[in-house]
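Each chain is listed here by its residues.
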Amino acid sequence: MSAPSFANQLGLLERRLVADPRAFRELFTADGMEAVAWEFRQPELGAKFTRQLWEALSRDDDASKLLMRFLWQLPVGKKRMFIRALDEHLSGRYPMFAGLSENWPAGNAIPPYIRKPRERSEDFELVNKGFLGYMDLGYTRRDVELFVWLEALRDKQCAEAPCELGVLLAGHREPQGGCPVQIHIPQMFELIGTGHFREALEMLESCNPLPNVTGRVCPQELQCQGMCIHKQSMTIGQLEWFLPEWAKLADPEGSASRYGGVRDPWAAALRPPIAVVGSGPSGLITAYLLAAEGFPVTVFEAFHELGGVLRYGIPEFRLPNELIDDVATKIRALGGRFVTNFVVGKTATLEQLRDAGFARAFVGSGAGLPRFLNVPGEHLLNVMSANEFLTRVNLMQAHRADHETPLPLVAGKQVLIIGGGNTAMDAARTARRLGGVVTIVYRRTRAEMPARVEELEHALEEGIELAVLRSPVEFAGDERGFVTSATVEIMGLGEPDASGRRRPVATGRTTEMPADLVIMALGNSANPIIKDSEPRLSVSPFGTIQQVAEGSKETSVAGVYTGGDAARGGSTAIRAAGDGQSAAREILGTIGHLDPAEVTARVARALAYTELAGEVPAIVAKQHLSVGIEEFTVRAPVIARTARPGQFVRVLPSPDGELIPLTLADWDAKAGTITLVVQSMGTSTIQVNAMRVGQALAGVAGPLGRASDLHTYDAGSTVVFTAGGLGLPPVYPIMREHLRRGNHVTLISGFRSADLMFWDGPDERVGRLQAEFGDQLDVIYATNDGSVGVQGFVTTPLEAMLKANQQGEGRPIAEVVAIGPPMMMRAVCDLTRGYGVPTVASLNSIMVDATGMCGACMVPVTEDGRLVRKHACIDGPEIDGHAIDWDKFLPRFGLFRAQEQESRARHGL
C-alpha cells in the first residue's frame, strides 16, 4: 500500500473510531480475550501473564469485569490452574494466597480477617472484621473485592441448592439447614463471580433488608453453610455482610439515592397502616418489607434505642450498633416510623392499637424473662442474669465512664458464666474485656455446647477458661450479702435426651469454685406482658404465643401475627428474621381490597396516634416540695391515658443516664400529663431535680407493673397506708382510689421532721382529699423528732391501732399497704405479721429495663415453704409483705452503693 493510500486509510479509521468507538472496543476486546483463552489452554500459567492478568483484574473497569466473567465460566480444572498461579507467582505480594491452591476449592479458601486475641480482648471493637478487614493491613478496596470474588469462584452452583433450601426430613416442619430468609445464595455467588456486586446486593436485600446484621450473628454452620458440600464450606455469612458494607465504601450516597423520591405512604394513604411490636430482627424485617410495599408502618419499641435483642443482647465486638441504625434508616427512608419507650401490653394493648387505626399488627416482642437455677444462694448480690449484665453494658454503656448506669466490679474478679450457649459466650467475652478472670461453667462437655463453634473458639483464644461437667448446686456469700463461691456438682454423661445430646447425670461429688460475680446464661422464658393484656391470645404451656395453623404466622386474634422468640422461645436472629419475612408476605396476601375512604380514615387515626405516642416527654411544670424533693409534671399523653394506681414508669433522664423506676404520683388523661416526685439520692436523680420547665427527659416508658389489687371493704373497717417520706407520692393515687370505692382510709405519713413535710396543707393533695372525703379519711402524722403529730416512726401509731383492734376497739384494719424506705416497709410487715393483718409492700428495687427482661428486680419470696423468685416489675410492684424474705432482699438496695458514691464524687456531688 502506498504512503498516501495508508494515510487515507488511517484517516478513515480515525473518523470511524470517533463515530463508533464500541465496534473497535469489541474488536480489541475479542482479540484480547482470545489471547487470554490461549494462555489458559497451556499446561500452566506463567508468572508474567499471571501478573498481567491480575493487574487487569485490579483495574476495575469493563475489561476487568469481562475477565471476571470469563474466569467464572471456566471449568473447575482451569480455575484451579488460575489459583495455582496466584499461589506460585503472587503470594509474595498477597500472603493469603500462599498455600491457597492446596485442596482448592473444596478444602481451602481465603479466610476473613480476624483480629489477634491479645489486642481484641482488651476492647469492644469488632473481632471478625471480614474481608474488608484486610484494608486495615493496607490492601485496597479493589484488592478486597477480588478476595471476595475468589471466594465466589469456589462455588459449585449446586442444582439442589442445599445452602438455600436445606434438606427436608420426614416428620419435621422445617428443613434441616438452609436459609430461613430464603436468600438465593447460588444466584448471589453467580453475581459476585461475574463482577456484579451491586446487583448481588440488590438481590440480597430484596430477600433480607438486614444482611449486615444477620450475616454476623446467624449460625451459618447450622443453616446455609452446614449444608455446603465443600469440606471447607463457602463463607456465605461473610459475603452477606460484606456486600452492604462494601456499598458504603463504593458509593457512600447510594443508599440515599436508592430511597430518594420514595412517596411517603402516610401521605399517599393507599394502603392501611400496620403496627409492628418490637424492633428486633423479626420486627425490623416485617417493617421493611411492608414499608417497601407502600404500607404506612409504625414500629413500637419498649426500649429507648432500637434493635431489641440485637442491641441489648449482642456486644458490639460481634455486632456494631451502627448496623442496626442502618436498617432503621432504610425503614425511615421508606416512610416507616418508630415510637420508642412504648411497652405494648402496658402503654397500650393490641386492641387499643387496632382502635387507633392499625389494620394489622405483628408481635415480635422477644423471649422475655431470664431463667435461673433456683438453687440456694441465688439471691446473693452479684448473682445476675446474662440479660441484666449485657443490657447494662450493651444498651446502657455502663462500662463507659461518661455513662451513669452502675456495673458490678469486674476487673481482677473471679467471674463464673453458667451456661454454654451464644449468650454465655457473649457474657464471658464481655466480662473478659472488663478485666475479669472468667470461667464458663457447663454441665455437659465441650462437644455438646450449643454455642457457635467460632464464638467458643474466640472465647478460649481470649483467655477464658472452660469448666465442663460442672453444675452449680449452691452459692455462698459474705456478711454483706455478696457471693463469694459456688459449690458445683461434678457431672457425668448419660444417654442422649430429646435434643440429641448426652444427658448430664449427677455423680454426687462436688467441688468449690471461687466467685465474685456469677452470670446466669440459661435462656429465657416467655414474658407475660402482652399475653396478660390480651386474653384472646392462645399461648403454649411455655407461655409463647401460638400461631393458628402450620404455615401461618397469624395468632388466635384475627389480624395479629407473631414470630421470632415471642413465638419460638429462645431461637436465633435469622429464624426470627425468617418469621418476619413470612409474616410480611402473609399480611400482604391477606389484606384484600378496602374501601379507600376507610383506608384514608385509618391512616389518619394511626398517624395521629403515632405522633401522640412519639411526643417528647417535656417538663411542663415543676414544684419544690422539700429538701432534695421536687415534683414534676411531664407531658406523656399515652401513659396518662392508661395509668392505674400502683403503677410506675421507667425514666431515662438523659441519653447517657441510667434507667430509673419512679412511681406514678398522679396523672391527667385529659391534659396528657403525669406527675413524678423525685428525691435527690444518686447522680441521676440529682441531675433530674436540676432540670427546668421546658426541658425534656430522654425517655419515659410505662405505665409498668401491675396496678394495685383493690377491694371494697365493710364500711366499718379501714385500709391503712404507711407512707414513709417519699412513700407519700405513690400512696396518694392508691388511697384516692380506695376512697372513691367507698373504703375508709387511714393514712400514717411519716417524716423525719416538720420542715421535710409536703402535701399536708389545706390546698395541697392530702388536704384536698380530706376536704373531699371528710370523715372517710383519717390522717396521722408521725415525725422522728415529734415536731408534728406522733413522735416516732409510722409503726408507732400503727401498733396502737393493731393493739386496739386486738382488744375489740377502733376500726378493724382490713389491710395495710406499706410504701417507703425498705427498712420501714420491713418493720411494718414484721409488726403486722404478728397480728395476722394482710400487708403488701410496694417495691421499687434495682431495675434496668423494668419490663422483666433483665431479671434485676428479683424478690425472694417464700411460697408453700419454698423460696421462689418474683420480679418487682412483673409480679409487683406490690408483693405480699409477709412472704418476702427481707433478710435476703434488703441487701439488694446496697448492691451498687460503692459505684453510686464514686459517680457522685466524679460529678462533684
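Note that the structure is predicted; figures quoted are calculated from it, not measured.

What follows deals with the overall build of the chain. In terms of helices and strands, the chain carries 33 helices and 31 strands. Its C-alpha atoms give the chain a radius of gyration of 33 Å, near enough to 29 Å, the size a compact globule of 909 residues would have. Here the C-alpha coordinates of the chain stretch approximately 135 × 70 × 60 Å along the principal axes. Buried residues in the chain amount to 58% of all 909 residues.

Quick look at the sheet that holds strand β12 (residues 502-514) now. Pairing within the open sheet is antiparallel, and its 3 strands lie in the order β10-β11-β12. Edge positions in the sheet fall to β10 (470-477) and β12, since each has one partner strand and no second. Between one strand and the next, the sheet's axes are offset by a mean angle of 20 degrees, whatever the strand orientation. Sheet topology places strand β11 (residues 483-496) next to β12; 9 bridges connect them, and they run antiparallel. In the strand pairing of β12, G492 is matched with V505.

Our focus in this paragraph is the packing of aromatic side chains. One pass over the structure, following the stated rule, counts 25 aromatic pairs. Measuring from centroid to centroid gives 5.7 Å for F40 and F70, while their planes differ by 70 degrees, and the two rings are edge-to-face. Of this pair, F40 sits in helix α2 (residues 21-40) while F70 sits in helix α4 (residues 62-72), and the two are 30 residues apart along the sequence. You'll find F40 and F70 in the same group, each marked buried. Put simply, the rings of W54, Y94, F97, Y113, Y134, Y139 and F147 pair up and form one aromatic cluster. One residue, R216, lies across the ring of W241, its end atom 3.6 Å from the ring centre. Cation over ring: R869 sits above F372, and NZ or CZ is 3.8 Å from the ring centre.

Another point: helix α21 (residues 453-461). Counting along an α-helix, one turn takes 3.6 residues, and residues three or four places apart therefore face a common direction. Listed as buried for α21 are E455, L456, H458 and A459. Projected down its long axis, α21 carries its buried residues within an arc of 160 degrees, all on one side. Following α21 by one or two positions, G463 has its phi on the positive side, about 95 degrees.

In this structure, F40, W54, L57, F82, F97 and L150 are the most contacted members of the largest nonpolar core, which totals 102 residues. Sequence-distant contacts of L150, that is, excluding residues within four places in its chain, are made with W54, F82, I83, L86, F97, W104 and I110. Among the nonpolar cores identified, the runner-up in size contains 38 residues, and I748, V816, M825 and I874 belong to it.

The next thing to look at is the packing of helix α7 (residues 141-153) against helix α12 (residues 236-250). Here α7 crosses α12 at 155 degrees, and the two axes come no closer than 12 Å. Comparing the axis directions of α7 and α12 gives the class roughly antiparallel. The two elements α7 and α12 cross, and the hand of that crossing is left-handed. Counted together, R141, V144, E145, V148 and E151 of α7 and L239, F242, W246, L249 and A250 of α12 form the full contact between these two elements. For the contact of α7 with α12, the class distribution of residues is 7 nonpolar, no polar and 3 charged.

Before going further, it helps to spend a moment on the state of the cysteines. Taken as a whole, this structure holds 0 disulfides when the rule is applied. Here C857 is not cross-linked by a disulfide; its sulfur's nearest cysteine counterpart is in C873, at 3.4 Å. Taking relative accessible area as the criterion, C857 reaches 1% and is therefore assigned buried.

Below, the discussion takes up the pairing of strand β7 (residues 414-418). With 4 of 5 residues buried, β7 lies mostly within the body of the structure. Two elements, β7 and strand β8 (residues 437-442), share 5 bridges in a ladder whose sense is parallel. Paired with V415 across the strands is V438, a residue of β8. Once you follow β7 into helix α20 (residues 422-433) and on to β8, the crossover reads as right-handed. Relative to strand β13 (residues 517-520), β7 runs parallel, the two being bridged by 4 bridges. The residue bridging I417 from the neighbouring strand is I519, located in β13.

Here we take up the side chain of T194. Mapping T194 onto the fold places it in the loop between α9 (185-193) and α10 (197-207). On the basis of relative accessible area, T194 is assigned to the buried category, the value being 10%. Engagement of the side chain of T194 in a polar contact is seen with the backbone oxygen of E190, the distance being 2.8 Å. A polar contact is formed between the side chain of T194 and the backbone oxygen of L191, at a distance of 3.3 Å. Setting aside its immediate chain neighbours within four residues, T194 contacts K65, M68, R69 and W72.

Let us now look at the sheet that holds strand β3 (residues 337-339). Strand pairing in a sheet takes place through backbone hydrogen bonds and is either antiparallel or parallel in direction. Here 5 strands make up an open sheet; going across it, the order is β3-β2-β1-β4-β15 and the pairing parallel. Each edge of the open sheet is held by one strand with a lone partner, namely β3 and β15 (560-562). If you compare each strand with its neighbour and ignore which way they point, the axes differ by 20 degrees on average. Where strand β1 (residues 274-277) and strand β2 (residues 297-300) come together, 4 bridges link them in parallel fashion. Looking at the pairing, V276 lines up with V299 of β2. With respect to the sheet, helix α25 (residues 596-613) is in contact with β2 and β3, its orientation differing from that of β3 by roughly 45 degrees.

Moving on: the pattern of salt bridges. Using the criterion set out here, one finds 51 salt bridges in the structure. The closest approach of N and O atoms between R480 and D478, which form a salt bridge, is 3.4 Å. Among the salt bridges present, the one from D830 reaches R833, with a minimum N-O distance of 3.2 Å. Placement of both D830 and R833 in helix α31 (residues 822-833) is noted, with a separation of 3 residues, approximately one turn of the helix. Given a relative accessible area of 37%, D830 falls into the partly exposed group. We classify R833 as partly exposed; its relative accessible area is 37%.

Thresholds applied
Residues numbered from 1 in each chain as written. Predicted model: local features only at pLDDT ≥ 70, side-chain atom pairs only at ≥ 80, totals over all residues. Heavy atoms only, no water. Helix = DSSP H or I, 4+ residues; strand = E, 2+ residues; numbered from the N terminus. Rg over C-alpha atoms; globule rule 2.2 N^0.38 Å. Buried < 20%, exposed > 50% of the residue type's maximum accessible area, 1.4 Å probe, protein only. Pairing = 2+ DSSP bridges. Axes fitted to C-alpha atoms, helices over the stretch in contact; angles between N-to-C directions. Phe/Tyr/Trp six-rings, centres within 6.5 Å; stacked < 30°, edge-to-face > 60°. Lys NZ or Arg CZ within 6 Å of the ring centre and 35° of its normal. Arc of directions from axis to C-beta. Core = buried A, V, L, I, M, F, W, Y, C linked by side-chain atoms within 4.5 Å. Contact = heavy atoms within 4.5 Å. Parallel < 35°, antiparallel > 145°, perpendicular 65-115°, else oblique. Left-handed = near helix turned anticlockwise from the far one by under 90°. Nonpolar A, V, L, I, M, F, W, Y, C, P; charged D, E, K, R; others polar. Disulfide = S-S within 2.5 Å. Right-handed = clockwise from strand over helix to strand, strands pointing away. Polar contact = N/O pair within 3.5 Å; in protein donor to acceptor, adjacent residues only side chain to side chain. Salt bridge = Lys/Arg side-chain N within 4 Å of Asp/Glu carboxyl O.

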